[in-house]
Amino acid sequence: MLSKKIVDLLNAQVNAEFYSAYLYLDMANYYKDEGLDGYFNWYKIQAQEERDHALLFMDYLQQNGESVVLEAIKKPDKEFKAFIDPLKAGAEHERLVTGLIHDIYAVAYEEKDFRTMQFLDWFVKEQAEEEDTADDNVKKFELFGSDSKGLYSLDAEMAARTYSTPSLTL
Ligand code: MG
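Bear in mind the structure is a predicted one, so any value in this text is a computation, not a measurement.

A. Representation of the overall build of the protein in the model. Looking only at helices and strands, the protein features five helices and zero strands. The C-alpha radius of gyration of the protein comes to 17 Å, within 12% of the 15 Å expected for a compact globule of 170 residues. Overall, the protein is about 55 × 25 × 25 Å in size when its C-alpha atoms are taken along their principal axes. Looking at the protein residue by residue over its 170 residues, the buried ones come to 46%.

Below, the structure is given as structure tokens:
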């Protein structure tokens, strides 16, 4: 049985993951408007991944007999003035999400809630990957994004990303 504190934190994380999906969709739309269809593709897929994360937190709550409470999702309010802005905002956002996951983990650890710790292990690893990928996106843009040929190649690379469902099964 999960504690009330853990249930509340997991419900809040459902919302945080849907917000992440919203934020990445907003970034995808920015790139669409700017004509960078590869970046649009990459961020749209990133949004799909975040929705999947939200569903995993829902599944976990329900598997433990808990009700899911869906709250309003905050409007994405980041302003993008240059192509690199969403990349930097994405890296910053992933660090924030890592903090949220670690905070839940810390409570589960304190409560000796081994089940939740094991569930969260996948997300701890996933966040390390997300941060690494987000930093790579910034680095690559800084290296190659300043001229049109480089940008064209980067956009083509981002276009190649395909969607796959998360590897975590409950
Ligand atoms: Mg996520």
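B. Focus on the coordination of the magnesium ion. Coordination of the magnesium ion by the protein comes from E17 (OE), E50 (OE) and H53 (ND1), over a distance range of 2.1 to 2.2 Å. In terms of primary sequence, the donors binding the magnesium ion are separated according to E-x32-E-x2-H. One end of the pair, E17, is in helix α1 (residues 4–34); the other, H53, is in helix α2 (residues 37–63), and 36 residues separate them in sequence. Each member of the pair, E17 as well as H53, carries the same accessibility label: buried.

C. Up close: the packing of aromatic side chains. Counting across every chain of the model gives 12 aromatic pairs. The interplanar angle of 65° and the centroid separation of 5.2 Å between the aromatic rings of Y30 and Y31 together place this pair among those described as edge-to-face. A residue is classified by how much of its surface remains accessible, and Y30, at 11% relative accessible area, is buried. Residues W42 and Y43 carry aromatic rings whose centres are separated by 4.9 Å and whose planes lie at 65° to one another, so their mutual orientation is edge-to-face. Looking at W42, the relative accessible area reads 10%, which means it is buried. Y43 gets classed as buried once you look at its relative accessible area, which sits at 2%. Members of the aromatic cluster, joined through ring pairs, are Y24, Y30, Y31, Y39, W42, Y43, F80 and F141. Above the plane of the ring of F40 lies K32, whose end atom (NZ or CZ) is 4.9 Å from the centre.

Conventions adopted
- All residue numbers refer to position in the chain's written sequence, counted from 1.
- The predicted nature of this model means local features are confined to residues of pLDDT at least 70 and side-chain atom pairs, given and counted, to a pLDDT of 80 or more, with totals for whole chains, interfaces and linings taken over all residues.
- As a convention, hydrogens and water are excluded, and side-chain values are obtained from all of the structure's heavy atoms.
- Put simply, DSSP H or I for four residues or longer makes a helix, DSSP E for two residues or longer makes a strand, and each gets a number counted from the N terminus.
- Our radius of gyration looks at C-alpha atoms and nothing else; its globule reference is 2.2 Å times the residue count to the power 0.38.
- Exposure categories follow from relative accessible area, calculated using a 1.4 Å probe and restricted to protein chains: below 20% of the type maximum is buried, above 50% is exposed, and the middle band is partly exposed.
- Here a donor is an N, O or S atom found within 2.8 Å of the metal, or within 3.2 Å if the metal is Na, K or Ca; sites may look incomplete because water is not among the atoms.
- Under the pairing criterion, centres of Phe, Tyr and Trp rings, with the six-membered ring standing for Trp, must be within 6.5 Å; the plane angle then separates stacked pairs below 30 degrees from edge-to-face pairs above 60, leaving the rest tilted.
- Here, over-ring charges are defined by two tests on the NZ atom of lysine or the CZ atom of arginine: distance to the ring centre within 6 Å, and angle to the ring normal within 35 degrees.

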